[in-house]
Amino acid sequence: PGPEGNTETLEEIDKVFIQIKHKNATAVFGDFDLVRNQGEFLNVNRKLQGLSGEFNYENYTGFAAIAGSRGKFHENMINGLDGVQGPYRLSGANGERDIIIIAGSERVYLDGELMTRGENNDYTIDYSNSEVTFTTNRLIISSSRIIIEFEYSDRKYSRNFFAAGTGASFFNNKFKFDFSYFREGDNKDAPIDFLLSDDDKKILEAAGDDPLKATKSGIGLAPPDSLGVRKGVYQIRDSTILGEKVSYFVYSPGDSTSIYLINFSYVGENRGDYIRIKLGEFRYAGKNGGNYLPVIFLPLPELKELFGISLSVEMIRNLSLKIDLAVSKYDQNLFSDFDNEDNTGIAGNINLTYRTDSLLLFNTNLGRSSISLRSRYTESKFVTLEPFNSLEFDREYYTGTNPQPSDENLTEITLNHNYSTKFRINSGMGRLSSGDDNRSERYFVNLESKLDSLIKTSYSLEYTTKTSRISTGNWLKQKGSIIFDPFFLKPGIYYEGESKKEKNISSDLLNSNSLSFYEAGFLLESEKFWGITLDAKLSYREETFPINGIFVKESKATGQEVGLIFDGSSDFNTDLRVTVREKRYTNEFKLLGYTDVQTVLIKSRSRLNLFDRSINGDFFYEASTQRQSILQRVFVKVEKGRGNYIYLGDLNNNGIADENEFELSLFDGEFIAVTLPTDELFPVIDLKAGVRFKIQFDRLVGDFGFLSEALKNISTETVLRIEENSKEPDIAKIYLLNFSAFRDEKNTIRGYDLIQQDIFLFENSSELNFRFRFSERRSLSQFAGGTEKGFGAEKSIRSRIRLVKEFSLQVDAINITNNLAAANNSNRNRKISSNDLIFDLSL
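Residues numbered from 1 in each chain as written. Predicted model: local features only at pLDDT ≥ 70, side-chain atom pairs only at ≥ 80, totals over all residues. Heavy atoms only, no water.

1. Examining the overall build of the protein chain
Turning to step 1, where the next piece is worked out: Helix and strand counts for the protein chain stand at six helices and 51 strands.
Turning to step 2, where the next piece is worked out: Principal axes of the C-alpha set define a box for the protein chain whose edges measure 90 × 85 × 70 Å.
Turning to step 3, where the next piece is worked out: Residue burial in the protein chain is summarised as follows: out of 843 residues, 42% are buried.
Turning to step 4, where the next piece is worked out: The long-range share in the protein chain, meaning contacts at least 24 apart out of those at least 6 apart in sequence, stands at 61%.
Turning to step 5, where the next piece is worked out: Of the roughly 45400 Å² of accessible surface on the protein chain, 54% is carried by carbon and sulfur atoms.
Turning to step 6, where the next piece is worked out: Distance between charge centres in the protein chain, computed from 102 positive and 120 negative side chains, equals 2 Å. (Helix = DSSP H or I, 4+ residues; strand = E, 2+ residues; numbered from the N terminus. Buried < 20%, exposed > 50% of the residue type's maximum accessible area, 1.4 Å probe, protein only. Contact = heavy atoms within 4.5 Å. Areas by Shrake-Rupley, 256 points an atom, 1.4 Å probe, with all protein chains shown as cover. Lys, Arg positive; Asp, Glu negative; His and termini not counted. Charge placed at Lys NZ, Arg CZ, Asp CG, Glu CD.)

The structure is reproduced here in structure tokens:
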């Protein structure tokens, strides 16, 4: 199994490599990360499998890599949702959902800031289901800008990667040059999870670069059985909608008129006619009312090549010139010669920078300054392996509503001045032209100051205008804060606001891309005092959007956030964070269907050690609002004896293997169960809580004669854990642990609780010790096929004895009971009990 994405550091058990080092060279065979940054356009970060090498000798450097690429690079831009920490689903370059994220390849940004993976940090990621969920440390709201860069595997074609480059420096590093070549592409003759027929290849040859043309019908007749009967799962129906005759398919396995087997493909939101209910089941939603069509996409094998040269020259003292030139070639379909005339693109960047050592006025040092002039040109056909624009480039230059990509010219001038550590200013302007009629102009200034270590201030202003063939607009963004640092407490205030006004050329009314908001608040942070560290934030936000072309107040939101850390005692420490936010819509927007939103995020971890560590324990509580899908259980065939399910046959004679036709088996199973999420997401409350405490009686009772002797070799450990993922509308029932609302068949998506009690005799003795365990766990899960309740119990005795100095024998006597019960479906009620005796001889 691959690593899970809930820790900051991944332990990838399948990452194996051999490294050879020399003082002038390094070579790696196996799994490696290739990270190269050259100039403006050649920035690459890839996880590869193969061979790489680097060398350096005097003023010369070089590198080369030839490998199989583990995945494709892609970027998703996602708008946050109020009251939804996740999961936010990722998709491939063509909108496909059936992808697997390469572990550790993701870079997650929230409002332009790089996040850190881990349950105790900013986000977690489910690599197999391609889903990102933010922790309670990061509140997600409707204006949150989420950008996720990642590599993914779609298992279409084997993928190869080649890179090589060299560089040199002369005249004491006053002249430098680098050039690199990268080649990444699919092997069209090596498909992975599918086969291409001659007809398929002809379709690909005629498709050119258009993936919508590389399709074939997904509709087929079921093959007749021995009696000549076709047992399909879909039937065709005819209807009249708005006076137009429409034919569509209905999922109806077992019906005598169901003679079709159909493959559906994801085509994009509101671009298809069907929606997915679960794996294999789709429902007609009307013309463009869904996101699936009964077609099969034939994947296009692609090839990217990128070549670049970078020069850096220090012309005179403090005056430097940098030049980057790059050429790309992108063939989007290696099977086809059509549309190849636009495969090649070029780009260039020139940057001239002058830096001063210091500015003197009347023998007073006013600090250092620099001025930079930059000009960049990129053709619309130019592509790179990874984005070369800054993360916020679209916001900076107001390009979000521009039409199809075209040739771009960018000119920027920036001025920086630093006066020791007390004052810093960064300002500039830029102009972007795209095509014949798209223009953007940007002006910005950023100020930071620190006065006598008592007051820290920051302020940024950015103003952008744009004109295009269809619209004009301007966008003002401001942000500022003042932090006071007189003693151990650091109070402060902050402000952030934006006003974007966009109008169509033919009208003076604002269009739907316009917005306005401001947010202000109070901040408080403390140094550690008596072992306590505190931070708090109070905020107020108003948002305005256009209705019928005129700005109308949409909502107001208030937020409170408190964080408390206490680690001033060896007996007790705790970490608590609570976030509460309420967003209330105005009547005008409530009439449009908007509803008020309340978000409550709580996370608490505590640890205690009492009475000379005779009692120690951990407490954990975390609750947040998320979205969750219902899971579908799919059975995958494996070698007989390696699975834990057997197939009972087509009991209902509908031609498909239903979930209730599989039975748990201890010895001869040939299927394993895999759970997959459905497409539909429900708002839910996600709660995890647990407690663990251990008692060592010898330390607790002290020296009390017979009682001490009787208890000194006894210790116990108790574990309680609860997890609840629920649609319960009254969030207080879940947050306040009203257990009557837990594992509820109506609202619970997934629920689980565990109680486990261990009793130890002679726990610390290496000669002889015993562990007596009793545990019970109860669960309830909503699957696409129905509700499933689970119960499990374990009673066990473990004994460990040292036979001789070198050998120990461990004996486990275990009684396990597992019971699965499906509501309204007795065929899925299963109870398995086992008694096992296990011997383990260790050295």
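Resuming the write-up.
2. So, the pattern of salt bridges
Turning to step 1, where the next piece is worked out: Inspection of every chain in the model, using the stated rule, returns 57 salt bridges.
Turning to step 2, where the next piece is worked out: In this structure, Asp82 engages Lys583 in a salt bridge whose closest nitrogen and oxygen atoms are separated by 2.9 Å. Pair noted here: Asp82 is in the loop between β5 (72-79) and β6 (88-89) and Lys583 is in strand β40 (residues 572-585), with a separation of 501 residues, a long-range link. The same class applies to Asp82 as to Lys583, namely buried. (Salt bridge = Lys/Arg side-chain N within 4 Å of Asp/Glu carboxyl O.)

3. Some thoughts on helix α1 (residues 198-207)
Turning to step 1, where the next piece is worked out: Every buried residue of α1 is listed here: Asp200, Leu204 and Ala207. An end-on view of α1 places all buried positions within 60 degrees of arc, on one side of the element. Exposed residues pointing more than 90 degrees away from the buried face of α1 are listed as Asp198, Asp199, Lys202 and Ala206. (Arc of directions from axis to C-beta.)

4. As for the packing of aromatic side chains
Turning to step 1, where the next piece is worked out: Applying the stated criterion across every chain, the model contains 35 aromatic pairs.
Turning to step 2, where the next piece is worked out: Ring plane angle 50 degrees and centroid distance 5.6 Å describe the contact between Tyr234 and Phe264, whose orientation is recorded as tilted. Highlighted residues: Tyr234 in strand β17 (residues 234-241) and Phe264 in the loop between β19 (260-262) and β20 (265-266), separated in sequence by 30 residues. Take Tyr234 and Phe264: they sit in the same class, and that class is buried. (Phe/Tyr/Trp six-rings, centres within 6.5 Å; stacked < 30°, edge-to-face > 60°.)

5. Thoughts on the environment of Ser252
Turning to step 1, where the next piece is worked out: Within the secondary structure, Ser252 is located in the loop between β18 (244-251) and β19.
Turning to step 2, where the next piece is worked out: Between the C-alpha atoms of Ser252 and Gln235, which are 17 residues apart in sequence, the distance is 6.6 Å.

6. Side note on the nonpolar core
Turning to step 1, where the next piece is worked out: Grouped together as the largest cluster of nonpolar side chains are 20 residues, with contacts concentrated most on Ile101, Phe134, Ile146 and Ile148.
Turning to step 2, where the next piece is worked out: Taken together, the elements giving at least two residues each to this core come down to β8 (107-110), β10 (123-126), β11 (131-134) and β12 (145-153).
Turning to step 3, where the next piece is worked out: Residue contributions to this core peak at four residues, all from β12.
Turning to step 4, where the next piece is worked out: With residues near it in sequence (within four places) discarded, Phe134 still touches Gln85, Tyr88, Val108, Met115, Asp122, Tyr123, Ile140 and Ile146.
Turning to step 5, where the next piece is worked out: Judged by nonpolar contacts, the second largest core, of 19 residues, contains Val28, Ala347, Phe382 and Phe388. (Core = buried A, V, L, I, M, F, W, Y, C linked by side-chain atoms within 4.5 Å.)

7. With respect to the pairing of strand β30 (residues 368-378)
Turning to step 1, where the next piece is worked out: When strand β27 (residues 344-355) meets β30, the two strands line up antiparallel, connected through nine bridges. Bridging from a neighbouring strand, Asn351 pairs with Arg374 of β30.
Turning to step 2, where the next piece is worked out: Pairing between β30 and strand β31 (residues 408-419): eleven bridges, direction antiparallel. Its bridge partner lying in β31, Arg374 is registered against Glu412. (Pairing = 2+ DSSP bridges.)

8. Thoughts on the pairing of strand β33 (residues 438-451)
Turning to step 1, where the next piece is worked out: In this structure, strand β32 (residues 423-434) lies alongside β33, joined through twelve bridges in antiparallel fashion. Residue Ser433 lies in a different strand from β33, and its bridge partner there is Arg439.
Turning to step 2, where the next piece is worked out: Hairpin remark: β32 followed by β33, antiparallel, with three residues in the connecting loop; positive phi at Gly435, about 70 degrees.
Turning to step 3, where the next piece is worked out: Direction of pairing for β33 relative to strand β34 (residues 455-467): antiparallel, over a ladder of 13 bridges. Bridge pairing links Tyr443 to Tyr463 in β34.

9. Here we look at the sheet that holds β6
Turning to step 1, where the next piece is worked out: If you trace the three strands from one edge of the open sheet to the other, you get β6-β11-β10, paired in antiparallel fashion. In the strand order of this sheet, the two ends are held by β6 and β10, each with one partner.
Turning to step 2, where the next piece is worked out: In terms of strand pairing, β10 meets β11 through four bridges, oriented antiparallel. For Ile125, the partnering residue across the bridge sits in β11 and is Val132.

10. So, a nonpolar patch on the surface
Turning to step 1, where the next piece is worked out: On the surface, Met315, Ile316, Leu352, Tyr354, Ile371, Leu373, Ile413, Leu415, Met429, Tyr443 and Tyr463 cluster together to form a nonpolar patch covering roughly 940 Å² of accessible area.
Turning to step 2, where the next piece is worked out: Tracing the sequence through the fold places Tyr463 in strand β34.
Turning to step 3, where the next piece is worked out: The class for Tyr463 is partly exposed, based on a relative accessible area of 31%. (Patch = residues over 30% accessible without salt bridge, like charges linked within 9 Å, V, L, I, M, F, W, Y side chains within 5 Å.)

11. Let's talk about the confidence of the model for the protein chain
Turning to step 1, where the next piece is worked out: Looking at the protein chain, the pLDDT average stands at 87 and 93% of residues meet or exceed 70.
Turning to step 2, where the next piece is worked out: Mean pLDDT across the secondary structure elements of the protein chain bottoms out at strand β28 (residues 360-361), with 64, and peaks at strand β26 (residues 319-331), with 96. (pLDDT = per-residue confidence, 0-100.)

12. Some words on the environment of Phe393
Turning to step 1, where the next piece is worked out: Tracing the sequence through the fold places Phe393 in helix α2 (residues 393-396).
Turning to step 2, where the next piece is worked out: Each C-alpha atom of the pair Phe393 and Thr472 lies 19 Å from the other, and the pair is 79 residues apart in sequence.
Turning to step 3, where the next piece is worked out: Non-local contacts of Phe393, meaning those with residues more than four positions away in its chain, are made with Arg376, Tyr398, Leu410 and Leu432.

13. Some words on the side chain of Asp154
Turning to step 1, where the next piece is worked out: Positionally, Asp154 belongs in the loop between β12 and β13 (157-170).
Turning to step 2, where the next piece is worked out: At 3.1 Å, the side chain of Asp154 and the side chain of Lys72 are in polar contact.
Turning to step 3, where the next piece is worked out: When sequence neighbours within four positions are dropped, the list of residues in contact with Asp154 reads Lys72, Glu96 and Ile99. (Polar contact = N/O pair within 3.5 Å; in protein donor to acceptor, adjacent residues only side chain to side chain.)

14. Structural notes on the environment of Lys712
Turning to step 1, where the next piece is worked out: Among the secondary structure elements, Lys712 is positioned in the loop between α5 (706-711) and β46 (714-726).
Turning to step 2, where the next piece is worked out: Look at Lys712 and you get partly exposed, because its relative accessible area is 39%.
Turning to step 3, where the next piece is worked out: In this structure the C-alpha to C-alpha distance between Lys712 and Leu761, which are 49 residues apart in sequence, comes to 9.1 Å.

15. Some details on the side chain of Ser555
Turning to step 1, where the next piece is worked out: Note that Ser555 resides in strand β39 (residues 550-566).
Turning to step 2, where the next piece is worked out: Residue classification places Ser555 among the buried positions, given a relative accessible area of 1%.
Turning to step 3, where the next piece is worked out: Here the side chain of Ser555 touches Glu554 through a polar contact of 2.7 Å, side chain to side chain.
Turning to step 4, where the next piece is worked out: Beyond its immediate stretch of four places on either side in the chain, Ser555 contacts Arg541, Glu542, Glu543, Lys583, Arg584, Tyr585 and Thr586.

16. As for unusual backbone geometry
Turning to step 1, where the next piece is worked out: Pro87 follows Gly86 through a cis peptide bond whose omega is -5 degrees.
Turning to step 2, where the next piece is worked out: Non-glycine residue Ser130 carries a positive phi angle of around 55 degrees.
Turning to step 3, where the next piece is worked out: On the basis of relative accessibility, which here comes to 1%, the residue Ser130 falls in the buried class.
Turning to step 4, where the next piece is worked out: Even without glycine at this site, Phe171 takes up a positive phi of about 55 degrees.
Turning to step 5, where the next piece is worked out: You can see Phe171 is positioned in the loop between β13 and β14 (175-191).

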